[in-house]
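The residues making up each chain are set out below.
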Amino acid sequence: MTDLFDKANASKPKPLAEEVRPPSLREIIGQRHILGPDEDLARSIASGRLGSVVFYGPPGTGKTTISRAIGVEMKLSFETLHPSDKGISDRIRKIADEARFKPTLLFIDEIHRLSSAILDLLLGFTEEGRFDFIGATTENPYHNLTAGIVSRTTIYELRPLTVDDLKTALLRAAGHFRGEGMIVTFQPEALELLARKAGGDARKALGALERIAVGRNVEELEITTGMVEKSLAASPVTYDRKGDAHYDTISAFVKSMRGGDEDATLYWLAALVHAGEDPRYIARRMMVHASEDVGLADPSALQSAVAALLAVEKIGYPEASIVLAQAALHICRAPKSNSAYRGIHAALSYIRANNIGPVPNHLRDTHYEGAAPLGRGGYRSPHASPEGWVEQEYGPKEIRGLFYQSDARDNNTFEQRADSFWEKLRKRAAIRNPFRR
């Protein structure tokens with residue numbers, strides 16, 4: 001029996017993104033790296049042996065659209081589920097039973113939200129070959145899905161659409177309004193701006209176009225840059241502080257500093273700031289990389305990062321962005337050395353493999369009564385020498401030269417100056433005692 005709500009939903013217009021969804025694979029825009037005729041996915045579809053697939057990628061890249069088109073291409077009954085559906089386990093069982101009588105493709109969006117028990121249930125049916133399966137997720141499946149699902153599915157990563165891809169999608173969508181009696185065109189700069197600011201997300205681009213065009217009682221509409229700016233003014237940056245975007249953006253920021261690219265460093269820092277990333281977190285990451293990447297080449301880089309953390313704790317945004325930029329540019333432009341990073345990891349690896357040896361007697365603590373009778377003596381303080389250094393053993397002989405390797409590449413770095421200082425000092429000691437070990 002049809003009620004008033006059914007009639008209302010039937011007459012309610014669909015979102016533009018849904019209206020212009022490409023019905024077939026040949027009409028899909030972008031993702032040629034998986035949909036090209038020579039790619040594995042295309043050959044699996046052509047052979048009728050899709051199996052189990054996971055599409056992984058940011059929003060608006062075509063995960064659902066491609067899945068529906070695959071169902072059409074393979075002439076399969078297309079069933080959709082969502083983790084928020086009630087009784088999802090029972091629904092999966094029902095689809096599996098019905099699939100005995102009709103070839104079926106089951107599509108589950110946001111598969112990362114399913115429990116391990118439901119994923120195991122799904123895995124059992126897919127291994128039996130009850131139905132073909134596509135799961136979609138914006139989260140990294142290698143981090144957010146069970147090992148069983150990851151090992152038994154083929155994972156395809158969908159990439160953000162290019163600006164040219166989005167222009168094509170927008171122009172195609174603009175033609176949809178002809179059916180509503182309105183001719184929609186773009187100023188060239190407006191089309192470029194909308195495609196660029198959509199950030200590779202077709203749904204976002206089409207949503208903005210829809211907001212601009214709907215409700216206008218005109219026969220012709222030319223979309224301007226002002227209209228685009230207004231439509232996207234409050235649009236958020238694609239960023240999830242707990243997801244891949246968080247770690248990927250931080251990774252790009254750090255690698256840009258390491259690579260000495262000032263513009264890229266500021267670009268990724270601006271992305272973090274604009275997305276509302278905690279300035280203390282950014283400063284803490286800079287502290288780590290001031291030691292890891294700059295290290296002894298310029299020890300003051302760590303001071304800048306520490307100072308940035310103290311400063312942003314006091315002032316916050318928006319001024320904190322200036323403090324972060326100063327510290328980031330210091331780390332970016334500083335000469336690089338990772339001798340501290342390599343040295344401590346080499347030493348830790350050695351300790352794990354060989355355990356910790358006994359401390360030599362002359363290095364042991366003597367700040368207590370009775371230390372002398374135990375034979376704890378013989379230590380010579382470097383301060384007692386005019387040169388500020390004396391030759392003596394400080395560790396096992398077998399570790400000499402194993403851990404610290406100078407990364408000095410420039411005479412202006414602290415590490416190079418320190419290398420020169422110690423080289424001269426040890427040469428003088430060798431001249432005085434040519435038989436030293």
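Residues numbered from 1 in each chain as written. Predicted model: local features only at pLDDT ≥ 70, side-chain atom pairs only at ≥ 80, totals over all residues. Heavy atoms only, no water.

K.L.:
Help me out: how do you make sense of the overall build of the chain in this one?
P.N.:
If you tally the helices and strands in the chain, you get 20 helices and 7 strands. The buried share among the 437 residues of the chain stands at 39%. Accessible area for the chain stands at about 25500 Å²; split by element, carbon and sulfur atoms hold 53% of it. (Helix = DSSP H or I, 4+ residues; strand = E, 2+ residues; numbered from the N terminus. Buried < 20%, exposed > 50% of the residue type's maximum accessible area, 1.4 Å probe, protein only. Areas by Shrake-Rupley, 256 points an atom, 1.4 Å probe, with all protein chains shown as cover.)

K.L.:
Teacher, can you tell me more about the pairing of strand 2 (residues 77-81) here?
P.N.:
For a regular strand, the rule is simple: side chains alternate between the two faces of the sheet. Bridge count for strand 2 against strand 3 (residues 104-108) is 5 bridges, and the pairing is parallel. Counterpart to threonine 80 in the pairing with strand 3 is phenylalanine 107. Since strand 2 and strand 3 lie parallel, the crossover through helix 6 (residues 88-98) that links them has a hand, and here it is right-handed. (Pairing = 2+ DSSP bridges. Right-handed = clockwise from strand over helix to strand, strands pointing away.)

K.L.:
Just to check I follow, could you spell out the pairing of strand 6 (residues 183-186) for this structure?
P.N.:
With burial as the criterion, only one face of strand 6 is covered, namely that bearing Val184 and Phe186; the residues Ile183 and Thr185 on the opposite face remain uncovered. Note: strand 6 against strand 7 (residues 220-223), 4 bridges, orientation parallel. Note on strand 7: the bridge partner recorded for phenylalanine 186 is isoleucine 223.

K.L.:
Would you mind showing me how to read the environment of phenylalanine 133 here?
P.N.:
Mapped onto the fold, phenylalanine 133 is located in strand 4 (residues 132-137). The buried category is assigned to phenylalanine 133, whose relative accessible area is 1%. Look past the residues within four positions of phenylalanine 133 in its chain and what remains in contact with it is Gly51, Ser52, Val53, Leu105, Leu106, Ile108, Ile111, Leu122 and Thr126. (Contact = heavy atoms within 4.5 Å.)

K.L.:
Would you mind going over the packing of helix 10 (residues 163-174) against helix 11 (residues 188-197) with me for this structure?
P.N.:
Angle between the axes and distance between the axes: these two values describe a pair of packed helices. Where helix 10 contacts helix 11, the two axes come as close as 9 Å, and the packing angle between them is 115 degrees. In this structure, the crossing between helix 10 and helix 11 has a hand that is right-handed. Packed against helix 10, whose contacting residues are Val163, Leu166, Lys167, Leu170 and Leu171, the element helix 11 presents Leu191, Glu192, Leu194, Ala195 and Arg196 at the interface. The residue inventory of the contact of helix 10 with helix 11, partitioned by class, reads 7 nonpolar, no polar and 3 charged. (Axes fitted to C-alpha atoms, helices over the stretch in contact; angles between N-to-C directions. Left-handed = near helix turned anticlockwise from the far one by under 90°. Nonpolar A, V, L, I, M, F, W, Y, C, P; charged D, E, K, R; others polar.)

K.L.:
What's the story with the nonpolar core in this structure? I'm lost.
P.N.:
If you look at soluble globular proteins, the nonpolar side chains tend to sit buried side by side. Counting 28 residues, the largest nonpolar core has Leu170, Val184, Phe186, Leu209, Ile223 and Val228 as its most contacted members. Of all the secondary structure elements, the ones that give two or more residues to this core are helix 10, strand 6, helix 11, helix 12 (202-213), strand 7 and helix 13 (225-232). It is helix 12 that contributes the most residues to this core, 7 residues altogether. Residues Val254, Tyr281, Ala290 and Ile331 belong to the second largest nonpolar core, which totals 25 residues. (Core = buried A, V, L, I, M, F, W, Y, C linked by side-chain atoms within 4.5 Å.)

K.L.:
Honestly, the packing of aromatic side chains in this entry has me stumped. Any pointers?
P.N.:
The description of two aromatic rings rests on the distance between their centres and on the angle between their planes. This structure, assessed with the given rule, holds 5 aromatic pairs. Judged by centre distance (6.0 Å) and plane angle (20 degrees), the rings of phenylalanine 78 and phenylalanine 107 are stacked. Residue phenylalanine 78 is located in strand 2, and its partner phenylalanine 107 is located in strand 3; the two are separated by 29 residues in the primary sequence. When its relative accessible area of 22% is taken as the criterion, phenylalanine 78 is described as partly exposed. Given a relative accessible area of 3%, phenylalanine 107 falls into the buried group. (Phe/Tyr/Trp six-rings, centres within 6.5 Å; stacked < 30°, edge-to-face > 60°.)

K.L.:
Sorry if this is basic, but what is going on with the sheet that holds strand 1 (residues 52-56) here?
P.N.:
Two orientations exist for strands paired in a sheet by backbone hydrogen bonds: parallel and antiparallel. Strand order in the open sheet formed by 5 strands is 2-3-4-1-5, and the pairing between neighbours is parallel. Where the open sheet ends on each side, the last strands, each with one partner, are strand 2 and strand 5 (154-157). For this sheet, the mean angle separating the axes of adjacent strands, direction not counted, is 20 degrees. Across 5 bridges, strand 1 lies against strand 4 in parallel orientation. Note that in strand 4 the partner of valine 54 across the bridge is glycine 135. Along the sheet, helix 5 (residues 63-73) makes contact with strand 1, strand 2, strand 3 and strand 4, crossing strand 3 at roughly 175 degrees. Contacts from helix 6 reach strand 2 and strand 3, with the element oriented near 170 degrees to strand 2.

K.L.:
Teacher, can you tell me more about the pattern of salt bridges here?
P.N.:
Oppositely charged side chains are able to pair whenever their charged atoms sit close together. As enumerated under the stated definition, the model contains 15 salt bridges in all. The salt bridge involving glutamate 192 is made with lysine 167; its shortest N-O contact spans 2.5 Å. Of this pair, glutamate 192 sits in helix 11 while lysine 167 sits in helix 10, and the two are 25 residues apart along the sequence. Members of the salt-bridge network, linked through shared partners, are Asp97, Glu128 and Arg130. (Salt bridge = Lys/Arg side-chain N within 4 Å of Asp/Glu carboxyl O.)

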